[in-house]
Amino acid sequence: MSETSGEAVAAAAVASAAEVATEVAVGGWRRATGIAGVALGVVAAGAAAGVAIERLTVGRGMRQKARLALDAAGPYGSLRGTPGQASAADGTELYYEVDDVEPEGGTAPRRRRLFGRKAPARVTVVFCHGYCLSQDSWHFQRAALRGVVRSVYWDQRSHGRSGRGVAQVRDGVPVSIDELGRDLRAVLDAAVPEGPIVLVGHSMGGMTVMALADQFPELIRERVVGVALVGTSSGRLGEVNFGLPVAGVNAVRRILPGVLKALGQRAELVERGRRATADLFAGIIKRYSFAGRDIDPAVARFAERMIEATPIDVVAEFYPAFDDHDKGEALARFRGIPVLVLAGVRDLVTPSEHSEEIAGRLPDAELVLVPDAGHLVMLEHPELVTDRLADLLVRVGAVPSGATVGGYGSTSSTAGPGPG
């Protein structure tokens, strides 16, 4: 899609969002439902507006059959570990899974290929996912590191298999990034009560890691031996333009909070509209999740399913928290610790400039900018992301030796699926 075409489509999406706001104001919910699906898809993908127009050339029935086929055949998100549950301060049930190290003497060809024959040190790597995703977003990295190092994958409150936020449902308390940092502390207390930790966070997950550091500096100082911040930001998210013209961004920002609040109050009706606009929704996700044109359709559908699984009231609940996020000063807690900062150059949601700013505050950090990568860089370029994570694990002593990770899945449309 050319830049000119993209701007034209974005302008149309902004106009649609404005129409939703008008419909909400006058109570015309039935007519607004279809248009609401557009706005929902935009927000659920972490974007402000935009669509992928190539799907308009394929029949709706064919697209529906393709989605069903991909859902049935795709292996992504199928990896499971030992389940556990932590309790947040407000009583929210936080679900996590543990992948442990393979015992000595077991069949572990992957460990030998990745890091050599010696058993890794007892370090636990904790993965934190982003907004409208789940722990399954780390599928490729999980497949590659499975059995190599002890890993914990968890679902943020109101996402994935975790419970709805008690403070939000019962008390009407707004979600904050600081609250997510406290949730992470609860997961660490339950799943990693002792030993060194490597923290890995994507997007909102990276912000959660920063919030943990801000509130629990002693934990960072005493137990955290490495940090990876992937496609994330330390603040100023209100300045992101999502690849839109200035006028479009300003229009969306004026109406979006009110639209989201109203849509969240009509969740059942809106979810029906969201399903009715599944094709447009898929195009929005593709535009704001991936930069390459040859992304494996099964991977694109996998991302779509994760985002679809996030209820609209949760989407609405979390969105305001990002404007308040400001953890630039908290980054100082990571000084003296090996840090990987990685981002896609074509990320429209948390632009790579935000990662460059993080690295600027941590001059000893490794900064990796991935060309032709969007927001879901760990799904779009899994080999590269896993390779850099493996190198970080070597540097912090989690494994004794390392090599470039390869052969654990590609997201190009010509490649086969990743490991099951």
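All of the points below concern the structure found in this document. (Residues numbered from 1 in each chain as written. Predicted model: local features only at pLDDT ≥ 70, side-chain atom pairs only at ≥ 80, totals over all residues. Heavy atoms only, no water.)

Details of the pattern of salt bridges
If charged atoms from side chains of opposite charge come close, those side chains can pair.
Line of reasoning, step 1. In the structure shown here, the tally under the stated rule is 26 salt bridges.
Line of reasoning, step 2. The partner of Arg185 in a salt bridge is Glu218, with the nearest N and O atoms 3.6 Å apart. Highlighted residues: Arg185 in helix 7 (residues 177-191) and Glu218 in helix 9 (residues 217-223), separated in sequence by 33 residues.
Line of reasoning, step 3. The shortest N-O distance in the salt bridge between Arg388 and Asp387 comes to 2.9 Å. Residues Arg388 and Asp387 agree in their burial class; the two are buried. (Salt bridge = Lys/Arg side-chain N within 4 Å of Asp/Glu carboxyl O. Helix = DSSP H or I, 4+ residues; strand = E, 2+ residues; numbered from the N terminus. Buried < 20%, exposed > 50% of the residue type's maximum accessible area, 1.4 Å probe, protein only.)

Some thoughts on a nonpolar patch on the surface
Line of reasoning, step 1. Taken together, the side chains of Val345, Leu367 and Leu369 define a hydrophobic patch exposed on the protein surface, amounting to about 210 Å² of accessible area.
Line of reasoning, step 2. Considering the arrangement of structural elements, one finds Leu369 in strand 8 (residues 366-370). (Patch = residues over 30% accessible without salt bridge, like charges linked within 9 Å, V, L, I, M, F, W, Y side chains within 5 Å. Areas by Shrake-Rupley, 256 points an atom, 1.4 Å probe, with all protein chains shown as cover.)

Thoughts on the sheet that holds strand 2 (residues 93-99)
Line of reasoning, step 1. The mixed open sheet is built from 8 strands, whose spatial order is 1-2-4-3-5-6-7-8. The open sheet is flanked by strand 1 (82-87) and strand 8, the only strands paired with a single partner. Direction aside, neighbouring strands of the sheet carry axes that sit 20 degrees apart on average.
Line of reasoning, step 2. By the bridge criterion, 6 bridges tie strand 5 (residues 197-202) to strand 6 (residues 224-230) in an arrangement that is parallel. Note on strand 6: the bridge partner recorded for Gly201 is Leu229. (Pairing = 2+ DSSP bridges. Axes fitted to C-alpha atoms, helices over the stretch in contact; angles between N-to-C directions.)

Focus on the packing of helix 7 against helix 8 (residues 204-215)
Line of reasoning, step 1. It is at 7 Å that the axes of helix 7 and helix 8 come closest, and there the two elements cross at 80 degrees. When the axes of helix 7 and helix 8 are compared, the pair comes out roughly perpendicular. Each of Ile177, Asp178, Leu180, Gly181, Arg182, Leu184, Arg185 and Leu188 in helix 7 lies in contact with helix 8, whose residues at this interface are Met204, Met207, Thr208, Val209, Ala211, Leu212, Asp214 and Gln215.
Line of reasoning, step 2. Taken together, the residues that form the contact of helix 7 with helix 8 break down as 9 nonpolar, 3 polar and 4 charged. (Parallel < 35°, antiparallel > 145°, perpendicular 65-115°, else oblique. Contact = heavy atoms within 4.5 Å. Nonpolar A, V, L, I, M, F, W, Y, C, P; charged D, E, K, R; others polar.)

A few points about helix 18 (residues 382-395)
Line of reasoning, step 1. Here helix 18 is 14 residues long and its end C-alpha atoms lie 20 Å apart, about the 20 Å a rise of 1.5 Å per residue gives.
Line of reasoning, step 2. Buried residues of helix 18: Pro382, Val385, Thr386, Asp387, Arg388, Leu389, Ala390, Leu392 and Leu393, and no others.
Line of reasoning, step 3. In the stretch just after helix 18, Gly397 is the one whose phi turns positive, near 85 degrees. (Expected span 1.5 Å × (residues − 1).)

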